[in-house]
Amino acid sequence: MPPSVSVFGAAGFTGALTARLLLRHPSFELRALTARSDQGRRLDDLYPHHRVPIELEELDLERHADVDAAVVGYPHGAAAPLVAQLRDRGVRVVDLSADFRLHDPAVYGRWYREHLAPELLPEAVYGLPERYREQIRGADLVANPGCYPTATLLALAPLAREGVIGDVIVDAKSGLSGAGRTPSEKTHFVTADENVSAYGVPRHRHIPEIEQELAALGANVRVTFVPHLVPLDQGELVTCYVTPSAEVGDLASLEALYADAYAGEPFVELTSKPPGMRDVRETNICRISVHHDERTGRLIVFAAIDNLWKGAASQAVQNLNLMFGLREEEGIGVGASRQREAIG
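Residue positions are given per chain, counting from 1 as you read along its sequence in written order. Confidence filtering applies because this is a predicted model: local features only for residues at pLDDT of at least 70, side-chain atom pairs given and counted only at 80 or more, and all residues used for totals across whole chains, interfaces and linings. As a rule here, side-chain values cover all heavy atoms of the structure and leave hydrogens and water aside.

J.: Outline the environment of Val 142, supporting the account with residue identities and numerical values.
T.: The helix count covers DSSP runs of H or I at least four residues long, the strand count covers runs of E at least two residues long, and both are numbered beginning at the N terminus. If you trace the backbone, Val 142 turns up in strand 7 (residues 141-143). When accessible area is computed with a 1.4 Å probe and restricted to protein chains, residues below 20% of their type maximum are described as buried, those above 50% as exposed, and intermediate ones as partly exposed. Here Val 142 falls in the buried class, since its relative accessible area comes to 0%. Spatially, the C-alpha atoms of Val 142 and His 204 are 22 Å apart, while their sequence positions differ by 62 residues. By the convention used here, residues are in contact when the closest approach between their heavy atoms is within 4.5 Å. Residue contacts for Val 142: discarding those within four places in its chain leaves Val 93, Val 94, Asp 95, Val 125, Gly 127, Ile 136, Asn 319 and Met 323.

J.: Provide a residue-level description of the side chain of Ser 6, including the pertinent values.
T.: The topology assignment puts Ser 6 in strand 1 (residues 4-8). Those residues in contact with Ser 6 that sit more than four places away from it in its chain are Arg 31, Ala 32, His 64, Val 67, Ala 69, Ala 70 and Val 71.

J.: Give me the packing of aromatic side chains: which residues, what numbers.
T.: Aromatic ring pairs are reported here in terms of the distance separating the ring centres and the angle at which the planes meet. Between 30 and 60 degrees the pair is tilted, below 30 it is stacked and above 60 it is edge-to-face, where a pair is any two Phe, Tyr or Trp rings, Trp via its six-membered ring, whose centres lie within 6.5 Å. The tally for this structure, following the rule as stated, stands at 5 aromatic pairs. Measuring from ring centre to ring centre gives 5.6 Å for Phe 28 and Phe 324, while their planes differ by 90 degrees; the resulting arrangement is edge-to-face. Here Phe 28 is found in the loop between helix 1 (13-23) and strand 2 (29-34), whereas its partner Phe 324 is found in the segment after helix 11 (313-323), with 296 residues between them in sequence. Residue classification places Phe 324 among the partly exposed positions, given a relative accessible area of 22%. Any Lys NZ or Arg CZ found within 6 Å of a ring centre and within 35 degrees of that ring's normal is scored as a charge over the ring. Across the ring face of Tyr 74, the terminal group of Arg 36 is positioned such that the distance to the ring centre comes to 5.1 Å. Against the face of Trp 111 rests Arg 203, its NZ or CZ located 4.0 Å from the ring centre.

J.: Can you break down the pattern of salt bridges residue by residue, with the values?
T.: A side chain of one charge can pair with a side chain of the opposite charge if their charged atoms are brought near each other. The working definition used for a salt bridge is a side-chain nitrogen of Lys or Arg within 4 Å of a carboxyl oxygen of Asp or Glu. Enumeration over the complete set of coordinates arrives at 20 salt bridges. With its nearest N and O atoms 3.0 Å apart, the salt bridge here joins Glu 57 to Arg 63. Ionic pairing is found between Glu 269 and Arg 287, a salt bridge with its closest N-O pair at 2.5 Å. Linking Glu 269 in strand 12 (residues 268-270) with Arg 287 in strand 13 (residues 286-292), this pair joins segments that are 18 residues apart in sequence. Taking the relative accessible area as the measure of exposure, Arg 287 reaches 7% and is therefore buried. Sharing partners across several salt bridges, the network here consists of Arg 87, Arg 92, Glu 123 and Asp 140.

J.: Any chance you could break down the environment of Val 301 for me, citing the residues and the numbers?
T.: Looking at the element boundaries, Val 301 is found in strand 14 (residues 299-305). Contact partners of Val 301, with chain neighbours within four places excluded, come to Ala 155, Leu 159, Val 238, Thr 239, Cys 240, Tyr 258, Ile 288, Ser 289 and Val 290.

J.: Can you break down helix 4 (residues 79-88) residue by residue, with the values?
T.: Most of helix 4 is tucked away, with 7 of its 10 residues classed as buried. When we look at burial in helix 4, the residues that qualify are Ala 79, Ala 80, Leu 82, Val 83, Ala 84, Leu 86 and Arg 87. Where helix 4 is buried, its residues contact strand 1, helix 3 (61-64), strand 4 (69-72), strand 5 (92-95) and strand 7. One or two positions beyond helix 4, positive phi appears at Gly 90, with a value near 85 degrees.

J.: Outline the sheet that holds strand 9 (residues 197-198), supporting the account with residue identities and numerical values.
T.: Strand pairing is defined by DSSP finding a minimum of two bridges between the two strands. With mixed pairing, the 7 strands of this open sheet are ordered in space as 9-10-8-11-14-13-12. In this open sheet, the two edge strands, each paired with only one partner strand, are strand 9 and strand 12. Where strand 9 meets strand 10 (residues 223-229), 2 bridges bridge the pair, whose relative direction is antiparallel. Bridge pairing links Ala 198 to His 228 in strand 10. Sitting on the sheet, helix 10 (residues 251-261) is in contact with strand 12, strand 13 and strand 14, with an inclination near 155 degrees to strand 13. To get an axis, a line is fitted to the C-alpha atoms, and for a helix only the part in contact is used. The angle between two axes follows their N-to-C directions and goes from 0 to 180 degrees.

J.: With reference to specific residues and values, describe the side chain of Asn 319.
T.: Structurally, the position occupied by Asn 319 is in helix 11. Leave out the neighbours within four places in its chain, and Asn 319 touches Val 94, Gly 127, Pro 129, Ile 136, Val 142 and Asn 144.

J.: For the packing of helix 1 against helix 11, give the residues involved together with the corresponding values.
T.: A pair of packed helices is captured by two measures, namely the crossing angle of their axes and the spacing between those axes. With their axes 8 Å apart at the nearest point, helix 1 and helix 11 run at an angle of 50 degrees to one another. Overall, the two elements helix 1 and helix 11 adopt an arrangement that is oblique. Seen along the crossing, helix 1 lies across helix 11 with a hand that is right-handed. Between helix 1 and helix 11, the contacting residues are Thr 14, Leu 17, Thr 18, Leu 21 and Leu 22 on the first element and Ala 313, Ser 314, Val 317 and Leu 320 on the second. Considering only residue class, the contact of helix 1 with helix 11 consists of 6 nonpolar, 3 polar and no charged. Any angle that is under 35 degrees is reported as roughly parallel, and any over 145 degrees as roughly antiparallel; angles of 65 to 115 degrees are reported as roughly perpendicular and all others as oblique. Crossing chirality is assigned from the near helix's rotation relative to the far helix, an anticlockwise turn below a right angle marking it left-handed and a clockwise turn marking it right-handed. Any residue outside Ala, Val, Leu, Ile, Met, Phe, Trp, Tyr, Cys, Pro, Asp, Glu, Lys and Arg is labelled polar, Gly included; the first ten of those are nonpolar and the last four are charged.

Structure representation (structure tokens):
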């Protein structure tokens, strides 16, 4: 029998896409979908383009937790109690919220709210496969990264490992789906169309997640992070401006550093040209380009992902694949060509 999976919180953009990927996955059985709203509706009524003919049900752990694994798509703060209940029942979990990304509950409390299941933090593995692949293979609880941290950390990881990040400013842009299904004043069509606006300034909640993971790579830096909404439905581009703390060599040396760091990675693609959001739409690929501004001495690193895919749903399935000993590519495409338009 294939491993069975339920998606809890499948009415949101990310939960719905996760359900679509799992329904067609060759090695998982999608058992049930639950939602905190829209109960009784089929998912293909709510999102016809996903073609998932399964009814959204009210959560009933007696029925819905009788599975091998679960993807939890609840909001920050609401996810932790459900994850705790699932883990008590032996269900392996990929959590899409921020509830288990930060190691320190005090830090989580400063940026979100009081943590409701801090006893689970030591067992949670940060779900960035390119960084924690072996730990994810043996994990029972994986904290799926945020979309902005996914792109930012993949862009900066090679430099962080080299210990050459003195200072970094991250200019990030995302499609409106990154703000969730419920519209706000900023994401309303009238406000967002033909407009670009910054938000979360100067304290965006992804800052401690980015700083935590950069520190784990050896870069203890304070990050300036400014996200913007752009009038697109999905997609994400981060531009990282790095002031190096040491000599980094010429552009060829930088390109070789990135080529070596991501050699063999199925979902990281390196390019000599700055990437665009459309380059990676509806894929699990992160497309990266590194540049050296010799006039200022700064490094400029671009990373493009699809915020709903690599930034959320398809990365969650990538993590499930690792947790159950499957090929990472199963159910989410063949991955990047081996450094197509490779640098170096």
